[in-house]
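Close look at the chain arrangement
Residue-level listing of the chains:
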Amino acid sequence: MLHTLQNEYWQAGILPETGASVAFGRVMVKGAWRDVLRPTTETDYGNSSKCASFIMMPWCNRIKDGILRAEGTEYQLHIEKDDHTARHGDVRKRTWEVVSAEDTRILMRFDSTHFDDINFPFRFTGEAEYRIDGGVFTWRLSLRNDDTRSMPCGFGHHPYFVRDPLSVTIPCATMFVLENYLAVDAPIPIAPEVDFRIPKPLGTFEFNHVLSGRVAEQEARIVYEDVDIKMTSDPLFSHYLIYAPAGEPFWALEPMTQVNDGFNLYERGISEAGVLMLAPGEMASAEMHLTV
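First things first, this report covers the structure right here in the doc. (Residues numbered from 1 in each chain as written. Predicted model: local features only at pLDDT ≥ 70, side-chain atom pairs only at ≥ 80, totals over all residues. Heavy atoms only, no water.)

So, on to the packing of aromatic side chains. In total, this model carries 16 aromatic pairs according to the counting rule given. For the ring pair Trp-10 and Phe-137, a centre distance of 5.2 Å and an interplane angle of 50° mean the geometry is tilted. With a gap of 127 residues between them, Trp-10 in strand E2 (residues 10-15) and Phe-137 in strand E13 (residues 136-145) connect regions that are remote in the sequence. For the pair Trp-10 and Phe-137, a shared accessibility class is recorded, and that class is buried. On the basis of an interplanar angle of 45° and a centroid distance of 5.5 Å, the ring pair of Trp-96 and Phe-110 is categorised as tilted. Placement of Trp-96 in the loop between strand E9 (85-87) and strand E10 (97-101) and of Phe-110 in strand E11 (residues 105-111) is noted, with a sequence separation of 14 residues between them. (Phe/Tyr/Trp six-rings, centres within 6.5 Å; stacked < 30°, edge-to-face > 60°. Helix = DSSP H or I, 4+ residues; strand = E, 2+ residues; numbered from the N terminus. Buried < 20%, exposed > 50% of the residue type's maximum accessible area, 1.4 Å probe, protein only.)

Here it is in structure tokens:
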């Protein structure tokens, strides 16, 4: 069931039964609501892949061959048939419990022990909160290790924005080289075509890149003709994935704690992979803000 958050600046639709995904995100422009996140058609409200944004947890993006390596042990996860990876975590297609819901805030919880077929070898609890306060739309994620072992993990958001912005700014100085969507080594200096430290339009270049080396106190920025959005996030979201497929009316800028295939990089000693290692009972939490 759709829950709508709204004030004089923002209108956002949240779908607890579809992985706590976002159905739409609109801002008030000259007396009318304007979509800034890719809107979801009502017939697709049950499909997280078609939503305006979905949650990635307890890992971000892809794991090569679905093999999770942690402290010398290998765990085989279920994989997608198209690319043989374990993809985007295992909460986005499941129902989250609504803890509380108000006009401008909703808090939801996910307990992995409620699902017999969870695709992760560690027990965990997740929380997702969306709230609007003035012109600020806040997205908060928390992840707690409920297991008796240390748990490698990560989380992130996958927001799709409408095209085409006049300019984009992303304060990242390095990037990961990807092969088949998977990071292969430590980050390198950013290539000119994906360097958005100076504002510029997306253009026609096709993007699917993970950027890092983020200056935490600096904001990402998305400027449309009549809407200016600032994206800020906690340092734990140390990576931004920019995804802009050619010919599509949308693009994505995804704040993530870890890079694609981060577990395997972490096991190779690459600290920039961004993997969180939570002790039993430990929790990690981070917020992302969209300010109009």
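Additional details are given in the paragraphs that follow.
The next thing to look at is the nonpolar core. One recurring pattern in soluble globular proteins is that nonpolar side chains are buried together. Membership of the largest hydrophobic core comes to 87 residues, with the highest contact counts inside it found for Tyr-130 and Trp-251. Here the element with the most residues in this core is strand E26 (residues 250-256); it accounts for 5 residues. Within the second largest apolar cluster, 5 residues are counted, among which are Leu-15, Ala-23, Phe-24 and Cys-51. (Core = buried A, V, L, I, M, F, W, Y, C linked by side-chain atoms within 4.5 Å.)

The next point concerns the layout of surface pockets. When its volume is computed, the largest pocket comes out at roughly 380 Å³. Along the wall of the largest pocket there are 16 residues; nearest its centre are Arg-62, His-88, His-158, Tyr-160 and Tyr-243. (1 Å grid on protein atoms, 1.4 Å probe; cavity = no way out; pocket = protein on both sides within 12 Å on 5 of 7 lines; lining within 4 Å. Points joined across faces, edges and corners; volume = space filled by probe spheres on them.)

Looking now at the sheet that holds strand E23 (residues 220-223). Strand order in the open sheet formed by 8 strands is E10-E11-E12-E13-E28-E24-E23-E17, and the pairing between neighbours is antiparallel. Each end of this open sheet is capped by a strand with a single partner; those strands are E10 and strand E17 (167-169). Adjacent strand axes in the sheet meet at a mean angle of 15° when their direction is disregarded. Across 3 bridges, the pairing between E17 and E23 is antiparallel. Pairing of Ser-167 across the sheet is with Val-223, part of E23. (Pairing = 2+ DSSP bridges. Axes fitted to C-alpha atoms, helices over the stretch in contact; angles between N-to-C directions.)

In this model, Met-57 is joined to Pro-58 through a cis peptide bond whose omega is 5°. Here the residue pair Arg-163 and Asp-164 is connected by a cis peptide bond, since its omega of 0° sits within 30 degrees of zero. Within the secondary structure, Asp-164 sits in the loop between strand E16 (160-162) and E17. Phi angles above zero are rare outside glycine, and His-88 is one such case at about 65°. Secondary-structure assignment places His-88 in the loop between E9 and E10. Residue class for His-88 comes out buried when judged on its relative accessible area of 8%.

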